[in-house]
Amino acid sequence: MAKEKNNKKSILETLGESQVWKSIIRSGVPRTRRQRMHAVLGSVFLHLHPARLPKHAVKLGYTWCMGGLSFFLFVNLTITGILLMFYYRPTVEYAYTDIIDLTEQVPLGIMRELHRWAAHAMVLVVWLHMLRVFMTGSYKPPREFNWGVGVLLMTMTMFLSFTGYLLPWDQLAIWAVTVGSNMARAHPFIGHEGPGASLLAIGDINLVHIGSDVRFALIGGRFVGEATLLRFYVIHCIAVPFIMMIFMAVHFWRIRKDGGISGPL
Amino acid sequence: MAEEKMTPNAAVGSSAENAYKGPETDRRGFFNWLSLGWLAYIGVTGGFFTMIVRFLFPNVLFEPPQTFKIGFPEDFSKNSVDVKFKKQYNAWIVRDEESIFALSTVCTHLGCTPNWLPVESKFKCPCHGSGFRMTGIHFEGPAPRPLERFKIGLSNDGQILVDKTKSFKWEKGEWENPESYLKV
């Protein structure tokens, strides 16, 4: 028995001291508290998270776990979104039929619904996360910068929802985005129907008109069409998720730097 | 009392009721829940990854069918190569003195598509210059073996039926197989 135990220990030790292990984990098998802390801090994934958790951090009644759930839904949306991109083509000719194909012919037509449900849930969960942070006063110094980052993340969540809404290319999508993007007409100075837009003129030549304002930049034309579909697809699948991941990294890192997850006083 | 509340202590939470009071569950109970938790986790992630893998194999393909009818034997004249099925089905229909056969348009060198040159009476690959006779036998360039032939036969309505799911290789002696040509 004793011999066997010794053998087992030596296998673990050889593994822990092997070059492969050390090249990945950057330290041997951690044995003391200090070494464990070091192992957590030395990992790019774990260092975003605190090395030690206060006991109150696992109290669901206080945090509602809404931040973690937002991230979970984001990961879900990324995975299902990448899978949907294998079958979806963002062109006027194919977009709508590809969505039908995804629900009716491609195995597990639920994949598209998973993406849709997770998107709805993410909007809800992000708002509840904001509500919790506001109600517990967790936006106060030193966390005020992270609240600002959170507001940007929420805005991007809404924008992802808006751009994703167009992609099925049915009547609902086209007219919803037509109505939604019409709001940009009224933007001060940079929307062609907004206040101050007529001031931006050289002589009698308007600089901000329907072919040059912020709405034109958003939908890539004077009305919602082929260019809008492609533009929204790229924004939805690449541009916004890319920016969002950078801000999320900052958001999680700042939670730790600002004194860890907030708890009851 | 009021002074105590002034201190921002959001991160620590070390009040008296939070203090450690000993384990609420025993060792056996903890391991039972732990194994149940791991089993559930493995089940859910395993199921999800199975779904992802299955999702990558579509049920409907937007490709031309592998089995197709090409018309009646009289439609093909003797000692000629018909190229009209090349674009859609990747097959040449060749009729010699006594038989009709379907040749694959995939060059046996690196998989390009050769062209039928009627004047020189050969298939010539534009990529590396491999040349094949009307029979499909290679005679010039880097191609190591002849073009493959597809299964060919007559369907009930008298039309020729080509089945690309089965191919015949000359170097294995499979061109002797009666399914690889149609006697006319």
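Reading guide: rules and limits
Residues numbered from 1 in each chain as written. Chains lettered and ligands numbered in written order. Predicted model: local features only at pLDDT ≥ 70, side-chain atom pairs only at ≥ 80, totals over all residues. Heavy atoms only, no water. Axes fitted to C-alpha atoms, helices over the stretch in contact; angles between N-to-C directions. Helix = DSSP H or I, 4+ residues; strand = E, 2+ residues; numbered from the N terminus. Parallel < 35°, antiparallel > 145°, perpendicular 65-115°, else oblique. Left-handed = near helix turned anticlockwise from the far one by under 90°. Contact = heavy atoms within 4.5 Å. Nonpolar A, V, L, I, M, F, W, Y, C, P; charged D, E, K, R; others polar. Salt bridge = Lys/Arg side-chain N within 4 Å of Asp/Glu carboxyl O. Buried area = accessible area lost by both parts, 1.4 Å probe. Polar contact = N/O pair within 3.5 Å; in protein donor to acceptor, adjacent residues only side chain to side chain. Core = buried A, V, L, I, M, F, W, Y, C linked by side-chain atoms within 4.5 Å. Buried < 20%, exposed > 50% of the residue type's maximum accessible area, 1.4 Å probe, protein only. Expected span 1.5 Å × (residues − 1). Domains from an automatic or database assignment. Pairing = 2+ DSSP bridges. Patch = residues over 30% accessible without salt bridge, like charges linked within 9 Å, V, L, I, M, F, W, Y side chains within 5 Å. Areas by Shrake-Rupley, 256 points an atom, 1.4 Å probe, with all protein chains shown as cover.

**Remarks on the packing of helix H7 (residues 110–135) of chain A against helix H8 (residues 144–166) of chain A**
All names here are of chain A.
- Look at H7 against H8: their axes get within 10 Å of each other, and the N-to-C directions meet at 160 degrees. In terms of orientation, H7 and H8 fall into the roughly antiparallel class. Considering the relative orientation of H7 and H8, their crossing is left-handed. In contact with Ala 119, Met 122, Val 123, Val 126, Trp 127, Met 130, Val 133 and Phe 134 of H7, H8 contributes Trp 147, Gly 150, Val 151, Met 154, Thr 157, Met 158 and Ser 161.
- The residue makeup of the contact of H7 with H8, split by class, is twelve nonpolar, three polar and no charged.

**Thoughts on the pattern of salt bridges**
- Tallied over the full model, the rule gives 13 salt bridges over all chains.
- Between Glu 193 of chain A and Arg 185 of chain A there is a salt bridge, with its nearest N and O atoms 3.6 Å apart.
- In this structure, Lys 124 of chain B and Glu 140 of chain B form a salt bridge, with 2.9 Å as the shortest nitrogen-oxygen distance. Taken together, the positions of Lys 124 of chain B in strand S6 (residues 122–124) and Glu 140 of chain B in strand S8 (residues 138–140) put the pair 16 residues apart, joining distant regions of the chain.
- Salt bridges sharing common partners tie together Glu 120, Lys 122, Lys 124 and Glu 140 of chain B.

**With respect to the interface of chain B and chain A**
- Each side of the interface is counted separately: chain B has 17 residues, and chain A has 26 residues.
- A buried area of about 1700 Å², summed over both sides, lies between chain B and chain A, and 69% of it is on carbon and sulfur atoms.
- Here chain B is connected to chain A by zero salt bridges.
- Counting across the interface, chain B meets chain A through two residue pairs in polar contact (both at pLDDT 80 or more).
- Considered class by class, the residues forming the side of chain B that touches chain A number twelve nonpolar, four polar and one charged.

**Focus on the nonpolar core**
Residue and element names in this part refer to chain A.
- One finds Leu 73, Phe 74, Met 122, Leu 153, Met 156, Val 240 and Met 244 to be the most contacted residues of the largest nonpolar core, which totals 18 residues.
- Secondary structure elements with two or more residues in this core: helix H5 (66–85), H7, H8 and helix H11 (226–257).
- Residues in contact with Phe 74, not counting those within four places in the same chain, are Met 122, Pro 241, Met 244, Met 245 and Met 248.
- Membership of the second largest hydrophobic core comes to 15 residues, among which are Tyr 88, Val 177, Leu 229 and Tyr 233.

**So, the environment of Ile 235 of chain A**
All names here are of chain A.
- Relative to the assigned elements, Ile 235 resides in helix H11.
- Sequence separation between Ile 235 and Val 179 is 56 residues, and the spatial gap between their C-alpha atoms is 19 Å.
- Leave out the neighbours within four places in its chain, and Ile 235 touches Phe 159, Thr 163, Val 240 and Pro 241.

**Let's talk about H8 of chain A**
Residue and element names in this part refer to chain A.
- For H8, spanning 23 residues, the distance from its first C-alpha to its last is 34 Å, which sits close to the expected 33 Å at 1.5 Å a residue.
- Of the positions making up H8, those classed as buried are Asn 146, Val 149, Gly 150, Leu 153, Met 154, Met 156, Thr 157, Leu 160, Thr 163, Gly 164 and Leu 166.
- Looking at the buried side of H8, the elements it contacts are H7, helix H9 (171–182) and H11.

**Focus on the domain arrangement of chain A**
Residues and elements named next belong to chain A.
- When its domains are assigned, chain A resolves into domain 1 (1–52) and domain 2 (55–166 + 224–257).
- A straight line from the C-alpha centre of domain 1 to that of domain 2 covers 35 Å.
- The interface of domain 1 with domain 2 comprises five residues on the first partner and four residues on the second.
- Taken together, the two surfaces of domain 1 and domain 2 that pack against each other cover about 360 Å², and 65% of this comes from carbon and sulfur.
- When the buried area of domain 1 at its contact with domain 2 is split by residue, His 47, Leu 48 and Pro 50 rank highest and sum to 87% of it.
- The interface formed by domain 1 and domain 2 includes zero salt bridges.
- Residues belonging to the side of domain 1 that touches domain 2 are distributed by class as follows: three nonpolar, two polar and no charged.

**Some details on the sheet that holds strand S5 (residues 115–117) of chain B**
All names here are of chain B.
- Pairing is antiparallel in the open sheet, where four strands are placed in the order S5-S6-S7-S8. Sheet topology places S5 and S8 at the edges, where each strand pairs with a single neighbour.
- Pairing between strand S7 (residues 131–132) and S8: two bridges, direction antiparallel. Counted as the bridge partner of Phe 132 is His 138 from S8.

**Looking at the side chain of Glu 148 of chain B**
All names here are of chain B.
- The topology assignment puts Glu 148 in the loop between S8 and strand S9 (149–154).
- A relative accessible area of 16% places Glu 148 in the buried class.
- Only 3.1 Å separates the side chain of Glu 148 from the side chain of Arg 145, close enough to count as a polar contact.
- Each residue touching Glu 148, except ones within four places of it in the same chain, is listed here: Ala 102, Leu 103, Ser 104, Ser 167, Phe 168 and Lys 169.

**Considering the environment of Gln 35 of chain A**
All names here are of chain A.
- For Gln 35, the location among the structural elements is in helix H3 (residues 33–41).
- A relative accessible area of 37% means that Gln 35 is categorised as partly exposed.
- Sequence-distant contacts of Gln 35, defined by excluding residues within four places in its chain, comprise Val 29 and Pro 30.
- Within the structure, Gln 35 has its side chain in polar contact with the backbone nitrogen of Thr 32 (distance 3.2 Å).

**Focus: a nonpolar patch on the surface**
- Nonpolar side chains collect at one region of the surface, where Ile 82, Met 85 and Phe 86 of chain A together with Val 53, Leu 56 and Phe 57 of chain B lie side by side and expose about 580 Å² of accessible area between them.
- Inspection of the secondary structure assignment puts Phe 86 of chain A in the loop between H5 and helix H6 (95–104).
- Take Phe 86 of chain A: its relative accessible area is 52%, and that puts it in the exposed class.

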